[in-house]
There are 2 protein chains.
Amino acid sequence: MKKSSCIFVSLVLPFFASFAQESIMPQPNQIVSPEAIGDSSVTFRVYAPKASEVLLIGNVNRNISQLGEDGKMHKVQFTRMFNQDGIWSVTLDSLKPDLYTYKFLIDGVETVDPRNAHVVRDVNNVSNMLFVSGGDVDNYMPRNVAHGNLVTDWYRSSFNGLERRISVYLPSGYATSGKKYPVLYLQHGMGGDETSWTELGRAVEILDNMIADGKVKPMIVVMSNGNVAREAVPGKDSHALAQPDFYLPHTADGEFEKQFPDIVKYIDGKYRTLKDKRSRAMAGLSMGGLHSLFTSANYPELFGAVGLFSAAVDPIRYDESKISEIYFDRNAKVKRQFADNAPLYYIAIGTDDFLYDSNKKFRAFLDAEKIPYIYNETDGGHEWSNWRHYLMDFLPRLFTDF
Amino acid sequence: MKKSSCIFVSLVLPFFASFAQESIMPQPNQIVSPEAIGDSSVTFRVYAPKASEVLLIGNVNRNISQLGEDGKMHKVQFTRMFNQDGIWSVTLDSLKPDLYTYKFLIDGVETVDPRNAHVVRDVNNVSNMLFVSGGDVDNYMPRNVAHGNLVTDWYRSSFNGLERRISVYLPSGYATSGKKYPVLYLQHGMGGDETSWTELGRAVEILDNMIADGKVKPMIVVMSNGNVAREAVPGKDSHALAQPDFYLPHTADGEFEKQFPDIVKYIDGKYRTLKDKRSRAMAGLSMGGLHSLFTSANYPELFGAVGLFSAAVDPIRYDESKISEIYFDRNAKVKRQFADNAPLYYIAIGTDDFLYDSNKKFRAFLDAEKIPYIYNETDGGHEWSNWRHYLMDFLPRLFTDF
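All of the points below concern the structure found in this document.

**Some remarks on the overall build of chain A**
When helices and strands are counted, chain A shows eight helices and 20 strands. Scaling as 2.2 N^0.38, a compact globule of 402 residues should have a C-alpha radius of gyration of about 21 Å, and chain A matches this with 23 Å. Along the three orthogonal principal directions, the C-alpha set of chain A runs to about 75 × 55 × 40 Å. Looking at chain A residue by residue over its 402 residues, the buried ones come to 60%. Here the analysis covers contacts within chain A between residues at least 6 apart in sequence; of these, 73% occur between residues at least 24 apart. Accessible area of chain A: about 15,600 Å², with a carbon and sulfur share of 50%. Mean positive and mean negative side-chain charge positions of chain A (43 and 49 charges, respectively) differ by 4 Å.

Below, the structure is given as structure tokens:
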């Protein structure tokens, strides 16, 4: 019943040459992993001499499918690795350019690659990073261009009077130009924080590169923490090293949207911003899409552009008792938002996204009301690979008359 | 010569599906690790049902000794963990307040704790973080105080014309005070970068807390990358996701010290700094101590205070041919440095540090020349636990007449 497909593994590293000599054991510190083989193949290796099973897990497996019992092709969740003298390895071919995450599952234990120091946290999950270069995704890595500054700032929230951490991107030239800049407010999803777009989203690199290429207008980008009852990313708030949590109180109950004008006021007070609606945009992914949709709908005077990336367009009812008036009458509020000085409205989602149907219904409402929006339907699901692309697609549309 | 083999790729299966049928089996996602037991005991746990040996490694073991065959007490490098139903655990008692690092060695494979999302990189080694609170080390964690800003900035270096990344701490109130501030230049050790003091050193939290407590004067702190031929920390430079390296070209050959005035000029040009010698300090750990010693000795007009934390006081001769005139005539240069407008000179080192003897010789020279310095001799060796304490001891001594 188990079908299999074939993947070629290259065993050409110098240290394999020593295997002929029994006295010379492989040295874990000589193992290279990951190792790029050409443009699109990567070999993964881990020294686990006593393991009975090692799997490669993570979204590096994303483009691999195999035939299932039902006669259809199914995506795989892991790739089996092969043992030779304690070194487990596998080569993935035809990896499309992207920033991938992976780790190993060694006899059931999740393990980051001991030979790859590049790790990234997604909510409470730490994985290794792997970059396969090419095309658009080269924007994810720094190039030798003029760089913006990333400022870790703090603002006072009217929610419990908390000092809250906020990431502010200032474009190259900000310090010396004397000019005022338009502002994009960019929000993370559930379980994320003010570092999600800079770490997983590579927003600083994308902005630096696309601004340098003249594809994106110089702008300030403000990435705030949507968990309004928390001050900051875990480790930088007063909860010391508490573990990151997917569900946090007051994260999707309307309190964040309600207090959002605090953030705009703080940013407009401190940085050289253009303060009119057409110079201000808000976008977010998943729950950040919810935050963007409802903040912009409840404060229609604030934002001249709205980006919904795999957005939760309906309230997230994980704590029904906490739903606030912020989420009432969505459609009426959106209609009002478009009645006067309509914003640029951008919706992007993947066909495999679990929020696809709710977005489809929301778009049906927009269509019925003849409310104009830009729609970017892609492959894939609810994943950073899409969100980075949506950001790259959205940014050039902003502030084009400056 | 290329070998190839076939790899089985299996269909999607929930990894732990089989456990669901046996309700008594532990669920990996229910394991808590690390778990604080009271003030100073911590239990570590990992689910590794097939493992034959699991060790707890990292500096959590630092204060544990055991009797050796020689009848003497020896420090241990690891603690053995005990298996019960596939869950390996051990409790460490009497952990002194500190920020520790640890991970597991499962049948020889280094593994970060799958239940602890707080990880930190030291050169090319990723470990979990564990915080045991109490006393001075509470300064390592954010408190509800006024926070400074951390700016990730870039300056143009005269070394190869590189744009180089630099971390700049601006104290709370900087944006609105209109005041000018003194500046501390704070350097990392070999294998480190412009993020070492903020990540491993907890410099932002230490500064925020000690400034809020009135123990340290508000100051700007500039943390630059001592690897002068590199632009930035791995992952943020043009080498994409190259692995971090302990030895980098031009890291300890005098080029960094030579171009250091570029950094001072950039900071003085952009930020509201006090520009006289008595308002400027330089300090660093290990190789950063070398950089501080020789930058201040070669440019005696620049720094009114110098901090040498576990410093390499002699040139690091890993590439003999590259030793520059920056490192010539150290003692004569230091004598000249003290001849006129002598700086505050601070030396701190642990008795177990491998650089203890070279520091002792350097101090013998200072003593013979009646050159005054503050000396802080501590327990321990070449480790962040000491460097954070040295920073906390050094900071209150700076800029005290402001």
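Here the narrative resumes, following the displayed structure.
**Remarks on the interface of chain B and chain A**
Chain B puts 67 residues into the contact, and the matching count from chain A is 82 residues. In total, chain B and chain A occlude about 6,000 Å² of area from one another, counting both sides; carbon and sulfur atoms represent 61% of this. Applying the counting criterion to the chain B and chain A interface returns two salt bridges. Of the charged contacts in the structure, one is a salt bridge between glutamate 205 of chain B and lysine 236 of chain A, with a shortest N-O distance of 2.8 Å. Connecting chain B to chain A are 18 residue pairs in polar contact (both at pLDDT 80 or more). Contributing elements (two or more residues each) for the side of chain B that touches chain A: β2 (41–47), β9 (98–106), β10 (109–111), β11 (119–122), β12 (125–132) and β13 (149–156) of chain B. A per-class count over the side of chain B that touches chain A returns 37 nonpolar, 16 polar and 14 charged. Relative to β13 of chain B, strand β13 (residues 149–156) of chain A is paired through three bridges, and the arrangement is antiparallel.

**A short note on the pairing of strand β8 (residues 87–92) of chain A**
All names here are of chain A. Counting buried positions along β8 gives six out of six residues, so the element sits mostly inside the fold. Alternating positions in β8 separate into two faces, Ile87, Ser89 and Thr91 on one and Trp88, Val90 and Leu92 on the other, with burial throughout. The pairing of strand β2 (residues 41–47) with β8 spans six bridges and is antiparallel. What sits directly across from valine 42, in β8, is leucine 92. Across three bridges, strand β7 (residues 82–84) lies against β8 in antiparallel orientation.

**As for the packing of helix α6 (residues 330–339) of chain B against helix α7 (residues 356–368) of chain B**
Residue and element names in this part refer to chain B. It is at 11 Å that the axes of α6 and α7 come closest, and there the two elements cross at 45°. Classified by the interaxial angle, the pair formed by α6 and α7 is oblique. Where α6 crosses over α7, the handedness of that crossing is right-handed. Here Arg330, Asn331, Val334 and Lys335 of α6 lie close against α7, whose contacting residues are Phe362, Phe365 and Leu366. Classifying every residue of the contact of α6 with α7 by side-chain character gives four nonpolar, one polar and two charged.

**Points about the sheet that holds strand β8 (residues 87–92) of chain B**
Residues and elements named next belong to chain B. Spatially, the four strands line up as an open sheet ordered β1-β2-β8-β7, and their pairing is antiparallel. Among the strands making up the open sheet, the edge pair consists of β1 (35–37) and β7 (82–84). Each strand of the sheet is rotated relative to its neighbour by a mean of 30°, with strand direction disregarded.

**Description of the packing of aromatic side chains**
Across all of its chains, the model carries 40 aromatic pairs over all chains by this definition. A centroid spacing of 4.8 Å and a plane angle of 85° characterise the contact between phenylalanine 294 of chain A and tyrosine 327 of chain A, whose relative ring orientation is edge-to-face. Of the two residues, phenylalanine 294 of chain A sits in helix α5 (residues 287–298) while tyrosine 327 of chain A sits in the loop between β18 (305–309) and α6 (330–339), which places them 33 residues apart along the sequence. On the basis of relative accessible area, phenylalanine 294 of chain A is assigned to the buried category, the value being 0%. On the accessibility criterion, tyrosine 327 of chain A (5% relative accessible area) is buried. Taking 5.9 Å as the distance between ring centres and 85° as the angle between the ring planes, the aromatic pair formed by phenylalanine 309 of chain B and tyrosine 346 of chain B counts as edge-to-face. Note that phenylalanine 309 of chain B is positioned in strand β18 (residues 305–309) and tyrosine 346 of chain B in strand β19 (residues 344–350), a separation of 37 residues in sequence. For phenylalanine 309 of chain B, a relative accessible area of 0% puts it in the buried group. Connected via pairs of aromatic rings, a cluster forms that spans Trp197, Phe309, Tyr346, Trp384, Trp387, Tyr390 and Phe394 of chain A. Over the aromatic face of tyrosine 375 of chain B sits the side chain of arginine 363 of chain B, whose NZ or CZ is 3.8 Å from the ring centroid.

**Side note on the relation of the copies chain B and chain A**
The operation relating chain B to chain A is a screw motion whose rotation component is 180°, with 0.0 Å of axial translation and a residual RMSD of 0.1 Å. As the rotation angle and translation indicate, the two copies are arranged about a two-fold axis. Rotation axis and chain B: the residue whose C-alpha lies nearest the axis is valine 151 of chain B, separated from it by 2.2 Å. The residues that chain B uses at the interface reappear at the interface of chain A in 96% of cases, marking a shared surface.

**Considering the pattern of salt bridges**
All names here are of chain A. One pass over the structure, following the stated rule, counts 45 salt bridges over all chains. For aspartate 213, the salt bridge identified is with arginine 143, shortest N-O distance 2.8 Å. Here aspartate 213, found in the loop between α3 (203–212) and β16 (220–224), pairs with arginine 143, found in the loop between β12 (125–132) and β13; they are 70 residues apart in sequence, far enough to count as distant. Salt bridges sharing partners connect three or more residues here, namely Arg62, Asp98, Glu383 and Arg388.

Conventions used here
Residues numbered from 1 in each chain as written. Chains lettered and ligands numbered in written order. Predicted model: local features only at pLDDT ≥ 70, side-chain atom pairs only at ≥ 80, totals over all residues. Heavy atoms only, no water. Helix = DSSP H or I, 4+ residues; strand = E, 2+ residues; numbered from the N terminus. Rg over C-alpha atoms; globule rule 2.2 N^0.38 Å. Buried < 20%, exposed > 50% of the residue type's maximum accessible area, 1.4 Å probe, protein only. Contact = heavy atoms within 4.5 Å. Areas by Shrake-Rupley, 256 points an atom, 1.4 Å probe, with all protein chains shown as cover. Lys, Arg positive; Asp, Glu negative; His and termini not counted. Charge placed at Lys NZ, Arg CZ, Asp CG, Glu CD. Buried area = accessible area lost by both parts, 1.4 Å probe. Salt bridge = Lys/Arg side-chain N within 4 Å of Asp/Glu carboxyl O. Polar contact = N/O pair within 3.5 Å; in protein donor to acceptor, adjacent residues only side chain to side chain. Nonpolar A, V, L, I, M, F, W, Y, C, P; charged D, E, K, R; others polar. Pairing = 2+ DSSP bridges. Axes fitted to C-alpha atoms, helices over the stretch in contact; angles between N-to-C directions. Parallel < 35°, antiparallel > 145°, perpendicular 65-115°, else oblique. Left-handed = near helix turned anticlockwise from the far one by under 90°. Phe/Tyr/Trp six-rings, centres within 6.5 Å; stacked < 30°, edge-to-face > 60°. Lys NZ or Arg CZ within 6 Å of the ring centre and 35° of its normal. Least-squares fit on C-alpha atoms with pLDDT ≥ 70 in both.

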